[in-house]
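# Examination of the molecular architecture
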Amino acid sequence: MWYAIWAEDHPDTLELRRQHRPQHLARLQALRDEGRLMLAGPFPALDMEDPGEAGFVGSLIVVDFPDQAAAQAWLNQEPYLLQGIYARTTLRPFRKTLP
């Protein structure tokens, strides 16, 4: 089953994001390599591809897990959550319709 993870950042955590980005990306790349990652990316704080020092306000990850408990267990080990970057996370089942 696909699961959507919506994460909202604490304010002023751009430097923490930069520090922990390699670990965050490594986990996502492992899911991609397993064919379990549909998409992942941050929400820029400004309406532009590169918001510069304005940074990001959260992330969206859509990933395949056998069940919601497995998705939650993966999320609980997310570096951005463990390092205090994510203020809130929402995990929901997701049904892909298109494309």
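The shown structure was predicted, so the numbers you read here are calculated from the model rather than taken from an experiment.

## Here's the deal with the environment of Asp64
Within the secondary structure, Asp64 is located in strand 3 (residues 56-64). You can call Asp64 partly exposed: its relative accessible area is 25%. Taking C-alpha positions, Asp64 is 5.5 Å from Met1, a pair spaced 63 residues apart along the chain. Apart from residues lying up to four places away in sequence, Asp64 is in contact with Met1, Trp2 and Arg36. Within polar-contact distance, the side chain of Asp64 engages the backbone nitrogen of Met1 at 3.1 Å.

## Some details on the side chain of Asp9
Of note, Asp9 is situated in strand 1 (residues 2-9). Polar contacts involving the side chain of Asp9 include one to the side chain of Arg17, which spans 2.7 Å. Discounting chain neighbours no more than four positions away, the residues touching Asp9 are Arg17, Phe56, Val57, Gly58, Ile85, Tyr86 and Ala87.

## Thoughts on the layout of surface pockets
Looking at the largest pocket, its volume works out to about 270 Å³. Lining the largest pocket we find 16 residues, and of these Arg17, Arg21, His24, Leu25 and Pro42 sit closest to its centre. Sort the elements by how many residues they give to the lining of the largest pocket and helix 1 (residues 14-33) lands first, with seven residues. Of the residues contributing to the lining of the largest pocket, the split by class is 10 nonpolar, three polar and three charged.

## Some remarks on the packing of aromatic side chains
In the structure shown here, the tally under the stated rule is three aromatic pairs. For the ring pair Phe65 and Trp74, a centre distance of 6.0 Å and an interplane angle of 45° mean the geometry is tilted. The exposure class assigned to Phe65 is buried, which follows from its relative accessible area of 5%. A relative accessible area of 12% places Trp74 in the buried class.

Calculation criteria
Residues numbered from 1 in each chain as written. Predicted model: local features only at pLDDT ≥ 70, side-chain atom pairs only at ≥ 80, totals over all residues. Heavy atoms only, no water. Helix = DSSP H or I, 4+ residues; strand = E, 2+ residues; numbered from the N terminus. Buried < 20%, exposed > 50% of the residue type's maximum accessible area, 1.4 Å probe, protein only. Contact = heavy atoms within 4.5 Å. Polar contact = N/O pair within 3.5 Å; in protein donor to acceptor, adjacent residues only side chain to side chain. 1 Å grid on protein atoms, 1.4 Å probe; cavity = no way out; pocket = protein on both sides within 12 Å on 5 of 7 lines; lining within 4 Å. Points joined across faces, edges and corners; volume = space filled by probe spheres on them. Nonpolar A, V, L, I, M, F, W, Y, C, P; charged D, E, K, R; others polar. Phe/Tyr/Trp six-rings, centres within 6.5 Å; stacked < 30°, edge-to-face > 60°.

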